[in-house]
There are 2 protein chains.
Amino acid sequence: MDRIKKQILSILSSGNISIWRIIDFQDASLPEFFKKIMELEKEGIIKISDGIVKLTNKGKKLAKKFVFSDYKCKLCNGTGYRMAYNVKKKYESIAKNRPKPIEKYDQGYVGTNAILRKLAFMMERGDVYGKIFVAGDDDLFSIALALTGLPEKVVAVDIDERLIDFINDVAKKYKLNVEAYIQDFQYEIKDFHGKFDVFVTDPVETLPGIKLFLSRAVASLKGKGCAGYFGLTTLEASRKKWFEIQKMIHDMGFVITDIRRQFQVYPDDGSNFFRFQEKLPIVKKLQTKSDYNWYKSALYRIEAIKKPVPLIKGNVKLGKAIYKDNESWATPM
Amino acid sequence: MDRIKKQILSILSSGNISIWRIIDFQDASLPEFFKKIMELEKEGIIKISDGIVKLTNKGKKLAKKFVFSDYKCKLCNGTGYRMAYNVKKKYESIAKNRPKPIEKYDQGYVGTNAILRKLAFMMERGDVYGKIFVAGDDDLFSIALALTGLPEKVVAVDIDERLIDFINDVAKKYKLNVEAYIQDFQYEIKDFHGKFDVFVTDPVETLPGIKLFLSRAVASLKGKGCAGYFGLTTLEASRKKWFEIQKMIHDMGFVITDIRRQFQVYPDDGSNFFRFQEKLPIVKKLQTKSDYNWYKSALYRIEAIKKPVPLIKGNVKLGKAIYKDNESWATPM
């Protein structure tokens, strides 16, 4: 029996469970997970009804070997970090008026807890004091950064005019050191090249899409020693895709210094992209609505060991290929 | 001012601090750190006496920009994981009689807490149920694994006969599913090839050394989907060296799925390698004895995306180059 099936049996040995909680517990991508779960059902090991998965008697016998214990730290949700609390209240009061995610750009935002933990982690690394480029900012991370008062300057760019206006309005109202500009990454804007110490982005997860996002982000950095942060799921990016992305990172002149799994949680708080979940392939496949915060991404930190080399230069036209591939089962169709 | 100096000023803004605590807080390798700290002293920003570092008045002014907050989760020490407590007592009672580390093989063991957290993390990944190859085992991790009763089989190999005898004696006494064999990694032993689901190792950190350790470990795996765990410090391996190691990992057919910084702590408990610390280059350079558990390694998890390809095959003769290079400042000279 393969590792993913062992993980599934392991968590089921603790009782009947929502399929969304199982998705969160295991390591495979959504298409791989769906295949495994269908196989387990066909083999008479599990039963699924109304989104709840149960072990059959045959399954119970098999699962005995795979004891379940939940060892994630409860205090930090397995992230290892506390939140930078001092900016929490202000960030939350600002973010509650955020523009709601729209389908067209595959938007969706990371929850406040993860924002404040990422901030804490970056502070510990000494990565918050210089000039910071936030490439795509549905998370409003630029605002969280600026609220600390630590960065020399924060620049956020996004394709969505609503976000740019929102960030600039907030910056003005609260006198924050943030500037926001509209940018479609298909177009190169040389004004930002070589100006920043750190970039932060949450790229789309298709290979052409992430290559484009990382290339634009990487082009913004000054040189050797500069760092980048981005999120990557295991849900819409299989291990094979991670491998290709890691090769890109190396080819761009970066070493990976950290990969912290499930650091970023996208909460289903009524406003997030779960609003249009009936359009997500995984929801259609499972024929059941999400009842658990299962969409999480790993936090990558990368650092330039030489002058960064963007893999894509100049203007390109990618269209829908930016957002969709055969693993994007949590992207609206 | 560069990032590492900002980290140093940041922690010093909280007061006078042992240089070993500063080493633990910052991200540079030992030679790089030593250079930075000497520069800061020369520039009149810090003063060092008896291993305690203080900011000068000039330093205090500069440090104001780099506020210090300790955001690591206190409950899990920044690892994100609790310990697999059920084997704690037995593991500790066994490990207290362990052979003490000897200089010749650059030995040193990870503390019980980290052993039990690594175990928890591997259990969550579904990586403890099959056949597990422990390549070098001064940590006695094979015993911790076997105490869970979960692996199908555990095989440990080490160059040190004392350890092999100890592990085999324990296995016999406690009826554990562990076998241990003497092996110098300079010699290839084909008996172990292609037999295991998972490997665990804590390699030396020179490039020829880690290439050899990982090659032997990787050769032990069955194929695609198999996983490997190893520790790597930032202290004796600079980011440039990490880059070379990550390229090796890719060349061997693996993707990196996790890098959790400072997951493994090597405690100064009176028996560990700190016993001969006067022979460590960093102790000589700083002219002060260690008073803090500063030697930690990041936990890597890697997974085969195709049939693993060891970079070194057949017998080789590396000699001292296995243990020593110009970054091995925590290795006895």
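Residues numbered from 1 in each chain as written. Chains lettered and ligands numbered in written order. Predicted model: local features only at pLDDT ≥ 70, side-chain atom pairs only at ≥ 80, totals over all residues. Heavy atoms only, no water.

Student: Let's hear about the relation of the copies chain A and chain B: which residues, and what values?
Tutor: Both copies of the chain are tied together by a single rotation about an axis and a shift running along it. Placing chain A over chain B gives an RMSD of 0.0 Å and needs a rotation angle of 180 degrees, together with 0.0 Å of translation along the axis. Such a combination of turn and shift is consistent with a two-fold rotation axis. When C-alpha distances to the rotation axis are compared across chain A, the minimum falls at Gly80(A), with a value of 2.0 Å. Of all interface residues in chain A, 100% are interface residues in chain B too; the two copies therefore contact each other through one and the same surface. (Least-squares fit on C-alpha atoms with pLDDT ≥ 70 in both. Contact = heavy atoms within 4.5 Å.)

Student: Give a detailed account of the interface of chain A and chain B, specifying residues and quantitative values.
Tutor: Counting from both sides, the interface comprises 52 residues of chain A and, opposite them, 52 residues of chain B. Of the roughly 4800 Å² buried at the junction of chain A and chain B (both faces included), carbon and sulfur atoms supply 55%. Among the residues chain A hides against chain B, the three largest losses belong to Tyr71(A), Tyr129(A) and Arg261(A). Together they make up 16% of the total. In this assembly, chain A and chain B are joined by 10 salt bridges. The salt bridge involving Glu303(A) is made with Arg239(B); its shortest N-O contact spans 2.7 Å. (Buried area = accessible area lost by both parts, 1.4 Å probe. Salt bridge = Lys/Arg side-chain N within 4 Å of Asp/Glu carboxyl O.)

Student: Residue-level account of the nonpolar core, with values.
Tutor: Ranked by internal contacts, the top residues of the largest apolar core, which has 162 residues, are Ile143(A), Ile282(A), Trp294(A), Ile143(B), Ile282(B) and Trp294(B). Residues in contact with Trp294(B), not counting those within four places in the same chain, are Trp20(B), Ile23(B), Asp24(B), Leu30(B), Leu235(B), Phe274(B), Ile282(B) and Ala330(B). Membership of the second largest hydrophobic core comes to 78 residues, among which are Phe243(A), Phe133(B), Leu214(B) and Ile322(B). (Core = buried A, V, L, I, M, F, W, Y, C linked by side-chain atoms within 4.5 Å. Buried < 20%, exposed > 50% of the residue type's maximum accessible area, 1.4 Å probe, protein only.)

Student: Tell me about the sheet that holds strand S1 (residues 17–18) of chain A, and name the residues and values.
Tutor: All names here are of chain A. As summarised here, the arrangement of the 3 strands in space is S1-S3-S2, forming an open sheet in which the pairing is antiparallel. Either end of the sheet is taken by a strand with one partner, and the two such strands are S1 and strand S2 (46–49). When S2 meets strand S3 (residues 52–55), the two strands line up antiparallel, connected through 4 bridges. Across the sheet, Lys 47 pairs through a bridge with Lys 54, a residue of S3. Across the face of the sheet, helix H1 (residues 3–12) comes into contact with S1, S2 and S3 while running at roughly 90 degrees to S3. (Pairing = 2+ DSSP bridges. Helix = DSSP H or I, 4+ residues; strand = E, 2+ residues; numbered from the N terminus. Axes fitted to C-alpha atoms, helices over the stretch in contact; angles between N-to-C directions.)

Student: Describe the domain arrangement of chain A, listing the residues and the values that go with them.
Tutor: All names here are of chain A. Domains assigned within chain A are domain 1 (3–63) and domain 2 (85–322). Just the C-alpha atoms count here: the centres of domain 1 and domain 2 sit 32 Å apart. Taken together, the contacts link 16 residues of domain 1 with 20 residues of domain 2. On the domain 1 side of the interface with domain 2, the three residues burying the most area are Trp 20, Asp 24 and Leu 30, jointly 45% of the side's total. At the junction of domain 1 and domain 2, the tally comes to 3 salt bridges. Note that Arg 261 is salt-bridged to Asp 27, the shortest N-O span being 3.0 Å. At the junction of domain 1 with domain 2, the criterion picks out 9 residue pairs in polar contact (both at pLDDT 80 or more). Counting only elements with at least two residues in the side of domain 1 that touches domain 2, the list comes to helix H2 (19–25) and helix H3 (30–42). (Domains from an automatic or database assignment. Polar contact = N/O pair within 3.5 Å; in protein donor to acceptor, adjacent residues only side chain to side chain.)

Student: Break down helix H6 (residues 112–124) of chain B for me, citing the residues and quoting the values.
Tutor: All names here are of chain B. The end-to-end C-alpha distance of H6, which contains 13 residues, comes to 18 Å, matching closely the 18 Å that a straight helix rising 1.5 Å per residue would cover. Burial within H6 is extensive, with 12 of its 13 residues counted as buried. Within the span of H6, buried status applies to Thr 112, Ala 114, Ile 115, Leu 116, Arg 117, Lys 118, Leu 119, Ala 120, Phe 121, Met 122, Met 123 and Glu 124. Positive backbone phi, approximately 75 degrees, marks Gly 126, located one or two places after H6. (Expected span 1.5 Å × (residues − 1).)

Student: Please give an account of helix H3 (residues 30–42) of chain B that cites residues and values.
Tutor: All names here are of chain B. Compared with the 18 Å implied by 1.5 Å per residue over 13 residues, the 18 Å span of H3 between its first and last C-alpha is a close match. Restricting attention to buried positions, one finds in H3 the residues Leu 30, Pro 31, Phe 33, Phe 34, Lys 36, Ile 37 and Leu 40. The first or second residue beyond H3 is Gly 44, which carries a positive phi of 75 degrees.

Student: Account for the sheet that holds strand S2 (residues 46–49) of chain B, with residues named and values stated.
Tutor: Residues and elements named next belong to chain B. Overall, antiparallel pairing links the 3 strands, which are arranged S1-S3-S2 in an open sheet. Only two strands of the sheet have a single neighbouring strand rather than two, namely strand S1 (17–18) and S2. Most of the contacts of helix H1 (residues 3–12) go to strand S3 (residues 52–55), to which it runs at about 90 degrees, and overall it touches S1, S2 and S3.

Student: Provide a residue-level description of the layout of surface pockets, including the pertinent values.
Tutor: Residues and elements named next belong to chain B. Empty space within the largest pocket amounts to approximately 710 Å³. Around the largest pocket, the lining is made up of 36 residues, and of these Asn 77, Asn 113, Val 265, Asn 293 and Lys 296 lie nearest the centre. Among the secondary structure elements, those contributing two or more residues to the lining of the largest pocket are helix H2 (19–25), helix H5 (88–95), H6 and strand S9 (254–265). Taken together, the residues that form the lining of the largest pocket break down as 11 nonpolar, 10 polar and 15 charged. In this structure, the lining of the largest pocket is formed jointly by two domains, domain 1 (3–63) and domain 2 (85–322), each of which donates at least three residues. (1 Å grid on protein atoms, 1.4 Å probe; cavity = no way out; pocket = protein on both sides within 12 Å on 5 of 7 lines; lining within 4 Å. Points joined across faces, edges and corners; volume = space filled by probe spheres on them. Nonpolar A, V, L, I, M, F, W, Y, C, P; charged D, E, K, R; others polar.)

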